[in-house]
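Chain residues, written in single-letter form:
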Amino acid sequence: MKSFNRIKKITITLPIAAIIVILMIGVSWSVAAEKINFYFPTSVQGPLTREMQKMVKQYNKMQNDVKVVATFTGSYEETKIKASAAVKAGRPPAVALMSANFIHEFVAEDQIEPIEFFLKESKQTTSDFLSDFWPGLHANATVNGKLYAIPFQNSTPILYINADHFREAGLDPDNPPKNWEELVVAGKKLIRKEGEKTTRYGLMLPMQYNYVNWVFQGFVMSNGGQYYNTHYLGEVYYDTSTTRGALQFYSDLIHKHGIMPASITNSKQVSTDFFAGRTSMMILSTGTLSHVRKNAQFNYNVGFVPSKVRNGVPIGGASMIIFKGITEKERDAAWDFVSWLTAPEQLGSWSRFSGYFAPRKSSYEMPVMKEFMAKNKDAAVALDQLQYAGPWYSTFKTVAVAKPIGDAIQAVVTGKKTVEEVIPEAQRKADELLKPYNAAHSYIQGQ
Amino acid sequence: MMVDACHLWLAMRKVKYMADNVTARGKKRLLKPFYNAGYIKAWLYLAPALLFLILFTYYPMVQVLWDSFFLKEYGAEKKLFVAFDNYRRLFADEDFITAVKNNLIYAIGTVIPSIVIGFGFALSLTQSSRFKNCIRSLLFFPTLVPLVAAAALWIFIYFPGIGLLDYYLAKLGIQSTDWLGDPDIALYSLMILTIWKNAGFYMLFFIAGLQGIGEEYYEAASLEGAGWWQKLRYVTLPLLAPTSAFVFVIALIHVFTHVDHVIVMTLGGPMGSTNLVLYYIYQNAHEFNDLAKATTATVLSVMVLLAISFFSIRTMERGIHYES
Amino acid sequence: MASIEFKQICKSYGNISVIKGIDLEIKDGELVVFVGPSGCGKSTLLRLLAGLEEEDSGSMYIGETLVNSIAPKDRNIAMIFQNYALYPHMTVAENIGFGLKLRGMNKKKRARAVDETASLLGLKHLLTKQPRQLSGGQRQRVAMGRAIIRNPEVFLMDEPLSNLDAKLRNQMRIEIRKLQRRLKTTTIFVTHDQIEAMTLADRIVVLNDGKVQQVGAPSKLYSSPVNKFVAGFLGSPSINFIHARRTGDNELTLPDGQCVLLPMDQAQILSDLREVEIGIRPEQINIVKKSDQTAMEKNTITWSSSVSLIESLGSEKLVYSFHGEHEVAIKTTNSNGALEGSNIQLSFSMNNAHLFALNDGRCLSPVAGNA
Ligand SMILES: Nc1ncnc2c1ncn2[C@@H]1O[C@H](COP(=O)(O)OP(=O)(O)OP(=O)(O)O)[C@@H](O)[C@H]1O
Ligand SMILES: [Mg+2]
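Just so you know, these numbers come straight off a predicted model, no measurement behind them.

**Here we look at the site of ligand 1**
Residues and elements named next belong to chain C.
Link 1 in the chain: Taken together, Tyr 13, Val 18, Ser 38, Gly 39, Cys 40, Gly 41, Lys 42, Ser 43, Thr 44, Glu 159 and His 192 make up the full set of residues near ligand 1.
Link 2 in the chain: Here a nitrogen atom of ligand 1 sits 3.5 Å away from a polar atom, N or O, in the side chain of Tyr 13.
Link 3 in the chain: Within the backbone of Gly 39, an N or O atom sits 2.8 Å from an oxygen atom of ligand 1.
Link 4 in the chain: About the coverage of ligand 1: the protein hides 57% of its 630 Å² of free accessible area.
Link 5 in the chain: For the shell around ligand 1, the leading source of residues is helix H1 (residues 42–50), giving 3 residues.
Link 6 in the chain: Partitioned by chemical class, the residues of the shell around ligand 1 number 3 nonpolar, 6 polar and 2 charged.

Put into structure tokens, the structure is as follows:
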């Protein structure tokens, strides 16, 4: 019965894993190098996938002890599914690039090695090691006070504006709206209508599942809140004034001011509409920067996500993890590869290529990077915003717990329900989901 | 899709084989003792297929059923036997109820139209001529496109404002619509894609079925005084009943086993409005880490699919009597 | 009830001409049998009349009405197909009543009509059965029932008995004959089987190669075929042909060198033909005792040959022998003690023979006395 995804996935993965293993054994007899598997996702296929393969090739060439076999495993979600399946099949990859908010799930299942384990061997302390990484990144890499992942590529939401529209509306394109009030004022000026029909919106946000939560988290943070407990996986703050306020702001932007459309636009639609001039502003990931650079046929500018009581954005991205259940030799090989890949140089070049920012501060001290930042002012803005960045939403059963608030936002955006209706419901559903975790961990104190 | 087609073909053969055994040769045949050499040979031929069926279909089915009575609480060392508690949790889950409701709407809204349209195509294209063969291939084409690719294509068709659909609707003066973003519309948008994709496939079955109806039945009807509609009503439809039943079952199975477009186009949203049962299972198994719930929902789906299969075998049996 | 008329009907499929200008009149109430070899166009002609095929040219009348452009359903014709075309999803009663239902007759009246028809055909006990539960003969009867219930003007039957075994076939043939006599519905019956043709027909139409060869009462066709084809087609076993060369005004020489003199009136018909074929029916050849040998009459042909096979039909025997190289069949009640392998003396009188032109097969001599 092909209907059962779980079984399907396992039955597909099993033979594939088996073949890979057989190949590995076969080849390792003839070559001395330690062969390890590396799973990696990309959010955009094509150039990034090729670039990653190129870096791995470079690594394989420069030394003779380790041979990394890099496998492109699809989206962030698919990579998680494939890695879990491989673990269940008893053949985990040595290394994977994993979405930062999924890390703790692997920890809960005791499937990945803490990074301390490797740092000890090279006589580093965790805090020394972490001090080179942007502070906002620490939380997502840490579970119960232990470091489990090394950030590799990161992004935050950022405001993109059409500078030509700004000028035409009598606004200053060099000063994008800084706070919610300015956003409303600018937004209203930027709207264009033909009769009842809006031909140009002031602002558009990605509203599809997952992305919607991430951007919304930024607004909650701007509003002075945080809609989950950053230190404890079993608690969310949906039914709070800060979360309500942010959602009410969405509602006002749409239903009161008409600045945003009342529809569930996905990120692709948002960027397409931005390029086509059907919206003057949008908030998308900094990971979209290179894409915008290439496709905008007009002058654009970037700015911080507008603040209410403070600036605040969540950090998204992916980190390197090393799996348990592999041989000692493989583990050493994995650490060697991961240390190389997360060295300032590699992180810098990946950042310049992809548009993600580099998680290490020292990457930016390198001359090539300084030159690049000087040339690309927009990248500098994204980097500046980092000081206000916080960790990415991550709880027990992250995706499931995120869905009620995602549904709530979508309901308000489309005008199906009011803020007052959806917020308690979302909180109730999330609490229900978090119950088993709280039952098991109620004695655990925060980090 | 090719794999699907093979599946289907195999399923058809299997069903037909079973039906043959039961009707044509009499029920006793199946119970004949083992010493019959032909019988052993038959089993030997079947063995490899059977082995794979047991290994990859029946064993997992039993395993899944077994698992549905257990729950591994977070942090617990072992799975606990919880009897029917997973089922209780499942039916208490609003998302599951929504998915079931959506699936019912989706089933009714895709199965009937795609069968009717497929049948209509078949009726107008039975006699082969070069022109009609060409049209047939065109109509069959969507079937050859993998659902994932079709979904990716339709994202652009549905793109609000500038998509193909809105582009042409705009020429008729119809405002742009958020086909996939409006929770009231999204499910119907997916349904249209499904109909587009499947109608041509069902057409093929109907063409085969129509070509199996002897010309003399129509000639006799003409002489008896039947017009176009009466021929359809009294000759074509009844004689096509076995084919229709088969297509109906295939279509129903499609409904419960295909969610690629949901994954590509809407992720079940907005607001759960396009969540289907299989996607719900997928989400719970892989995204929500609630394997017990996924397992339980799987058990229920298997039951529905089994019921459909049995229904299909019975109608096929009945169909065979028609070939007097 | 109606007469039927074909006028210069032509039909071709692609560039193959199948029906080549047929003229035929069938009287009201007549039972006409179409015979001819396979592929000669019998079915096509029926289907043209039924409106299931469209003629290329010519006209067809049923009664006074020109039916060329009338839809099949309005021609008031019933047809019985070779495989009966009974609907497998309908019961016997529904099959029989189908035409009435389509014509909107109400249920009660229909049930009564079905009942009547079924009792006429002895199908009453089968009304609730489905076709697949019936024997061949029963199915045939249901097909008949479906045809007669509407009381159509014309019955068309395309080899309706060919799927039945010999015994059932004879029985059904008699039933059809009786039924037709009773209903007096104009009927065209197509068959390959000449016994069927001979016994059923008021008149037989012999078709070959899309053309009518001869039309007439069975006995007429048998005794005076207009050409070699008709002579050869009717009669079982087939008529024997013996080649002959003209060696004088009224003298023919057979391959074995025997000469016969024809009466002068027959000789006239030969005009200037050099070669002919003598056709002689098997029952017109006699086996004569050697001792019996009478003086050779002027127009009697006698020869001796060996017996290759004897078949007994009960009262009659079929004896196969030779004339020169050619096998000849003899049908006789008196085989005069002939045995397989033995030598026998054979003779026939030219008075009983037909002469055919070798070149076009036309018959030269209507046999005297039998016409
Ligand atoms: N639909 C058709 N298309 C092309 N040729 C046809 C078609 N129907 C019949 N023919 C040809 O027309 C000729 C006459 O066919 P028809 O069926 O009338 O013969 P028939 O006398 O009924 O033969 P039989 O005794 O075998 O039934 C045949 O040569 C046949 O091949
Ligand atoms: Mg025929």
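**What about the interface of chain C and chain B?**
Link 1 in the chain: The interface is formed by 23 residues belonging to chain C together with 19 residues belonging to chain B.
Link 2 in the chain: Where chain C packs against chain B, one counts 2 salt bridges.
Link 3 in the chain: In this structure, Glu 224 of chain B and Arg 150 of chain C form a salt bridge, with 3.2 Å as the shortest nitrogen-oxygen distance.
Link 4 in the chain: Taken together, the connections running from chain C to chain B amount to 11 residue pairs in polar contact (both at pLDDT 80 or more).

**Some words on the confidence of the model for chain B**
Residues and elements named next belong to chain B.
Link 1 in the chain: Averaged over every residue, the pLDDT of chain B is 82; the share at 70 or more is 85%.
Link 2 in the chain: Note that residues 1–32 has pLDDT below 50 and, in this model, 34 contacts with residues that lie over four places away or in other chains.
Link 3 in the chain: For this predicted complex, the interface score ipTM comes out at 0.81, while the overall pTM is 0.76.

**Here we look at the pattern of salt bridges**
Pairs can form between side chains of opposite charge once their charged atoms are near each other.
Link 1 in the chain: By the definition in use, this model includes 40 salt bridges over all chains.
Link 2 in the chain: Across the pair Glu 51 of chain A and Lys 54 of chain A runs a salt bridge, and its minimum N-O distance is 3.6 Å. Separated by 3 residues within a single helix, Glu 51 of chain A and Lys 54 of chain A lie in helix H2 (residues 47–62), roughly one turn from each other.
Link 3 in the chain: Glu 51 of chain A sits in the buried class, given a relative accessible area of 13%.
Link 4 in the chain: Relative accessible area serves as the criterion here: at 56%, Lys 54 of chain A is assigned to the exposed category.
Link 5 in the chain: The partner of Arg 177 of chain C in a salt bridge is Asp 202 of chain C, with the nearest N and O atoms 3.4 Å apart. Remark: Asp 202 of chain C occurs in the loop between helix H6 (194–200) and strand S9 (203–208) and Arg 177 of chain C occurs in helix H5 (residues 166–183); sequence separation between them is 25 residues.

**So, the environment of Leu 48 of chain A**
Link 1 in the chain: Tracing the backbone through its elements, the reader meets Leu 48 of chain A in helix H2.
Link 2 in the chain: Beyond its immediate stretch of four places on either side in the chain, Leu 48 of chain A contacts Thr 42, Trp 350, Phe 353, Ser 354 and Tyr 356 of chain A.

**Here we look at the sheet that holds strand S20 (residues 343–349) of chain C**
Backbone-to-backbone hydrogen bonds join strands into a sheet, with any given pair of strands oriented parallel or antiparallel.
Residue and element names in this part refer to chain C.
Link 1 in the chain: Read from one edge of the open sheet, 3 strands run S15-S20-S16, paired in antiparallel fashion. Two strands lie at the open edges of the sheet, namely strand S15 (286–288) and strand S16 (300–306), each paired on one side alone. Here the average twist between neighbouring strands, direction ignored, is 35°.

**What to know about the interface of chain A and chain B**
Link 1 in the chain: Contacts between the two partners involve 40 residues from chain A and, on the opposite side, 45 residues from chain B.
Link 2 in the chain: Taking both partners together, chain A and chain B bury about 4,000 Å²; carbon and sulfur atoms supply 64% of that area.
Link 3 in the chain: Applying the counting rule to chain A against chain B returns 5 salt bridges.
Link 4 in the chain: With a shortest N-O distance of 3.5 Å, Lys 429 of chain A and Glu 94 of chain B are connected by a salt bridge.
Link 5 in the chain: Taken together, the connections running from chain A to chain B amount to 9 residue pairs in polar contact (both at pLDDT 80 or more).
Link 6 in the chain: Secondary structure elements with two or more residues in the side of chain A that touches chain B: helix H1 (5–30), helix H3 (76–88), helix H4 (103–108), helix H12 (267–275), helix H18 (398–413) and helix H19 (419–441) of chain A.
Link 7 in the chain: Take the side of chain A that touches chain B: its biggest share by element is 7 residues, from H19 of chain A.

Procedures and definitions
Residues numbered from 1 in each chain as written. Chains lettered and ligands numbered in written order. Predicted model: local features only at pLDDT ≥ 70, side-chain atom pairs only at ≥ 80, totals over all residues. Heavy atoms only, no water. Near = heavy atom within 4 Å. Polar contact = N/O pair within 3.5 Å; in protein donor to acceptor, adjacent residues only side chain to side chain. Areas by Shrake-Rupley, 256 points an atom, 1.4 Å probe, with all protein chains shown as cover. Helix = DSSP H or I, 4+ residues; strand = E, 2+ residues; numbered from the N terminus. Nonpolar A, V, L, I, M, F, W, Y, C, P; charged D, E, K, R; others polar. Contact = heavy atoms within 4.5 Å. Salt bridge = Lys/Arg side-chain N within 4 Å of Asp/Glu carboxyl O. pLDDT = per-residue confidence, 0-100. Buried < 20%, exposed > 50% of the residue type's maximum accessible area, 1.4 Å probe, protein only. Pairing = 2+ DSSP bridges. Axes fitted to C-alpha atoms, helices over the stretch in contact; angles between N-to-C directions. Buried area = accessible area lost by both parts, 1.4 Å probe.

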